[in-house]
Amino acid sequence: MGKLLVRNFTFKVSSQLLAAIMAFVSLLVMIRYVADQYGLMIWALALVTLVNTVADLGFNTANLKFISREDHDRSACFSTYMVIKLALTGVMVLCTFITVYSMRLTGAIDDEAVKVCLVFVIYQIISNVQFAIYYTLDGMKLSGKSSILTIVECGIRNAVLIGMALYEVNATTLANAYVIATTISLFLSFYMAHQVGLRPVKPKYLREYTVFALPLAAALILTAVVTNLDKVIVGLFYESIEVTYYSTAVGLIATFTAVGVSLNNVLLPHLSSRNIIRDRVTERTLWGLEKGLCILLLPFVAFFLVFGPQVAETLFGPGFSPSGEMTAILSIQIIPFVIAGIMTQVLYAINRGISYLRASTIMCIIAVGGFLLLIPNTTIPFSQGWGGMGAAVSVSAAYIVFCIILCWMVRRYTNIRLYPKLWRVFIAFVLSALALWGIGQVVDVSGFLWLAIVGFACEAIFIGILMATKVLKVSEIKTVLRMFIKDEDDRIA
């Protein structure tokens, strides 16, 4: 389990981080040249993506689980998944048309927004087929090939977005970059599917996929609501620049949560291939993941919490301080997000989809309640009018609760605990954040140079505290990224 997990995780995290960096570079350019158009584009993408949840309904996870099992025919799994995906995509198209034109008839959106939404419908149709192959390759533990698809699509899309932004095109034209990139990636994915021997055959696992996916369907819809409804509500009550502020913050944080997203697709096939209940080897694997992810990500959380506005103004230009404040709040969800992802894969592996649904329901209630209470600036009683800040607070609070519930569920069903020394890592985080705050009181931290110096100082303080408290040894510093996916090394305990 260990060596293959190491290899696949390395492939996935490398491709996802590279994709996140490319997306961040294109984001910088779009913010500089087409900030308003970017806001409209992201709003339309969020709306269509929210409706596109009906094209998943748990079947992506079902495919990851079943195609990794030796007792299932891979071509039959792939054919089953593809038939389901195409049928659900048709439902998505119908639902999107009804949603968009209903909003247009009520005057909630204008003709330009309708056009952008229609472009993203085309994008989602192509993307759904491409991602069916993507998830199939992941389930077959061929993460090197799926990583190539990620890099190709993101590289082309962001290059086209940068070129279009420099010409200051409208939102509809910007959206076409997604269609161009995913079309090229689709042809490459077909070639890869043929290369690994996947052939269209009778889809004989329809019932098995459906039985597994049904408990997850509602949960994934609820999760998609939390992920996309925030931008939709912000766009309905505020100018597109507010969507830009908030989406910029979300995009910046996504650069760091990409590590957790990378892990999820490779972890489930490995967990599904063994009995993980009360399994000490699996527990130590998860401990390594938790420790390593926290060591990797918590210094960034401390940095954004203290210097979020300065980072936003330096990266995106004067006037983007509101985005930095949203970034500071959203950074709080980074660790809960990645740990919740690990716990989710454990529940999937032991067929506890109903439990995940319960946790997702609570998360959605907290998030949507926060959206309705904190975002709107008119019409809704008791609304606070915080805009993007309200969305950031709601999402972060929801993920904290979500993570706690999932950790409790995993402990209850598998007797697998969180990494027992995790509290020491969080003490180092708190002390590092306080040190950064102190630096900010005596020094005007602004500009790339000062931010870089303070960032390195934060990392040094954090690592120093971990070494002083013996959470991290000198011998582990060079191998920490590798250690958190090793399943047999006792030193991480």
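The structure we're discussing is the one just above.
Attention here is on the structure that accompanies the text. What you see as residue numbers is a count from 1 along each chain, following the sequence as written. Selection of residues for local features in this predicted model requires a pLDDT of at least 70, selection of side-chain atom pairs for listing and counting requires 80 or more, and totals for whole chains, interfaces and linings are taken over all residues. In computing side-chain values, all of the structure's heavy atoms are included and hydrogens and water are not.

### Thoughts on the overall build of the protein
Using the following cut-off: We count a stretch as a helix when DSSP gives it H or I for four or more residues in a row; a strand needs E for two or more, and each element gets its number in order from the N terminus. When accessible area is computed with a 1.4 Å probe and restricted to protein chains, residues below 20% of their type maximum are described as buried, those above 50% as exposed, and intermediate ones as partly exposed. Here, two residues are considered to be in contact whenever any of their heavy atoms come within 4.5 Å of each other. Surface accessibility follows the Shrake-Rupley procedure with a 1.4 Å probe radius. Residue values consider only the protein chains on display as shielding.
A count of helices and strands for the protein gives 18 helices and zero strands. When the 493 residues of the protein are sorted by exposure, 58% land in the buried category. Sequence-distant contacts in the protein: of pairs separated by 6 or more residues, those separated by 24 or more amount to 84%. With the model as given, the accessible surface of the protein reaches about 19700 Å², and the carbon-plus-sulfur share is 67%.

### Concerning the packing of helix H3 (residues 59–66) against helix H5 (residues 111–139)
Quick note on the threshold: All axes are obtained by fitting lines to C-alpha atoms, using only the stretch in contact for helices, and the reported angles, taken between N-to-C directions, cover 0 to 180 degrees. For this classification, under 35 degrees means roughly parallel, over 145 means roughly antiparallel, 65 to 115 means roughly perpendicular, and everything else is oblique. Crossing chirality is assigned from the near helix's rotation relative to the far helix, an anticlockwise turn below a right angle marking it left-handed and a clockwise turn marking it right-handed. Each residue is assigned to one class: nonpolar for Ala, Val, Leu, Ile, Met, Phe, Trp, Tyr, Cys and Pro, charged for Asp, Glu, Lys and Arg, and polar for all the others, Gly among them.
One can describe the packing of H3 onto H5 by two numbers: an axis separation of 7 Å at closest approach and a directional angle of 30°. As judged from the angle between their axes, H3 and H5 are roughly parallel. For the crossing formed where H3 meets H5, the hand is right-handed. Across the interface between the two elements, Asn60, Asn63 and Leu64 from H3 touch Ala132, Tyr135, Thr136, Asp138 and Gly139 from H5. For the contact of H3 with H5, a count of residues per class yields three nonpolar, four polar and one charged.

### Describing the packing of helix H4 (residues 74–105) against H5
Axis separation between H4 and H5 bottoms out at 10 Å; the angle between their running directions is 170°. As summarised for this structure, H4 and H5 are arranged roughly antiparallel, according to the angle between their axes. Each residue belonging to the contact of H4 with H5 can be placed in one class, and the counts come to 19 nonpolar, five polar and three charged.

### Remarks on the nonpolar core
Note the following rule: Here, nonpolar core refers to any group of buried Ala, Val, Leu, Ile, Met, Phe, Trp, Tyr and Cys residues whose side-chain atoms link them within 4.5 Å.
Ranked by size, the top nonpolar core spans 162 residues in total, and within it Met41, Trp43 and Phe120 carry the most contacts. Per-element tally for this core: the top contributor is helix H10 (residues 280–316), with 17 residues. Look past the residues within four positions of Trp43 in its chain and what remains in contact with it is Met103, Ile109, Ala113, Cys117, Lys231, Val232, Gly235, Leu236 and Val243.

### Considerations on the packing of aromatic side chains
For the record, the criterion: For this analysis, a ring pair means two rings from Phe, Tyr or Trp (six-membered ring only for Trp) whose centres lie within 6.5 Å, classed as stacked if their planes differ by under 30 degrees, edge-to-face if by over 60, and tilted for the remaining angles.
Tallied over the entire structure, the rule returns 15 aromatic pairs. Ring geometry for Phe426 against Phe429: centres 6.4 Å apart, planes inclined by 85°, an arrangement best described as edge-to-face. Residue Phe426 and its partner Phe429 are both found in helix H15 (residues 422–442); the two are separated by three residues, about one turn of the helix. Cluster of aromatic residues (ring-pair linked, three or more members): Phe256, Phe300, Phe303, Phe304 and Phe307.

### Quick notes on the side chain of Asp230
Following the sequence through the fold, Asp230 ends up in helix H8 (residues 206–237). When its relative accessible area of 2% is taken as the criterion, Asp230 is described as buried. Aside from chain neighbours lying at most four places away, what touches Asp230 is Val225, Tyr246, Phe371, Ile375, Ala391 and Val395.

### Comments concerning the side chain of Ser185
Considering the arrangement of structural elements, one finds Ser185 in helix H7 (residues 171–195). What Ser185 contacts, discounting residues up to four positions off in sequence, is Gln130, Leu149 and Glu153.

### Structural notes on a nonpolar patch on the surface
Rule in force here: Nonpolar side chains (Val, Leu, Ile, Met, Phe, Trp, Tyr) are joined into patches within 5 Å and like charges within 9 Å, using only residues with over 30% relative accessible area and no salt bridge. The working definition used for a salt bridge is a side-chain nitrogen of Lys or Arg within 4 Å of a carboxyl oxygen of Asp or Glu.
Taken together, the side chains of Trp423, Ile427, Val430, Leu431 and Leu434 define a hydrophobic patch exposed on the protein surface, amounting to about 480 Å² of accessible area. In this fold, Trp423 is placed in helix H15.

### Description of the pattern of salt bridges
Considering all chains together, one arrives at three salt bridges under this definition. With its nearest N and O atoms 2.7 Å apart, the salt bridge here joins Asp111 to Arg104. Residue Lys231 is joined to Asp230 by a salt bridge in which the shortest nitrogen-to-oxygen separation is 3.9 Å.

### As for H5
Worth spelling out the cut-off: In a helix, the anticipated span is given by 1.5 Å times the number of residues less one. Here a polar contact is recorded for every N or O atom pair within 3.5 Å, except that within protein the pair must consist of a potential hydrogen donor and a potential acceptor, and residues adjacent in sequence are included only if both atoms are side-chain atoms.
Between its first and last C-alpha, H5 extends 41 Å over 29 residues, near the 42 Å set by a 1.5 Å rise per residue. Burial of H5 is extensive: 22 of the 29 residues sit out of reach of the surface. Capping of H5 at its N-terminal end is provided by Asp110; its side-chain oxygen lies 3.3 Å from the backbone amide nitrogen of Glu112. Phi for Lys141, located one or two positions after H5, is positive at around 65°.

### What about helix H16 (residues 447–468)?
Going by this rule: Each C-beta atom gives one direction from the helix axis, and the arc is the one those directions make.
Between its terminal C-alpha atoms H16 stretches 32 Å, which fits the 32 Å expected from 22 residues at 1.5 Å a residue. Within the sequence span of H16, burial applies to Leu451, Val454, Cys458, Phe462, Ile463, Ile465 and Leu466. Here the buried residues of H16 occupy an arc of 170° about the axis, which is enough to place them on one side. Residues Leu449, Phe456, Ala460 and Ala468 are exposed on H16 and point more than 90 degrees away from its buried face. Trailing H16 by a residue or two, Lys470 shows a phi angle of about 65°, which is positive.

### Quick look at the environment of Ser355
Here Ser355 is to be found in helix H13 (residues 353–374). Here the alpha-carbon distance between Ser355 and Met409, two residues 54 residues apart in the chain, equals 7.4 Å. Once residues within four sequence positions are removed from consideration, Ser355 is found in contact with Met409 and Tyr413.

### A closer look at unusual backbone geometry
A positive phi angle, near 55°, is found at Glu168, a position not held by glycine. Mapped onto the elements, Glu168 comes out in the loop between helix H6 (143–166) and H7. Phi is positive for Asn415, close to 65°, though the residue is something other than glycine. Tracing the chain through its elements places Asn415 in the loop between helix H14 (388–414) and H15.

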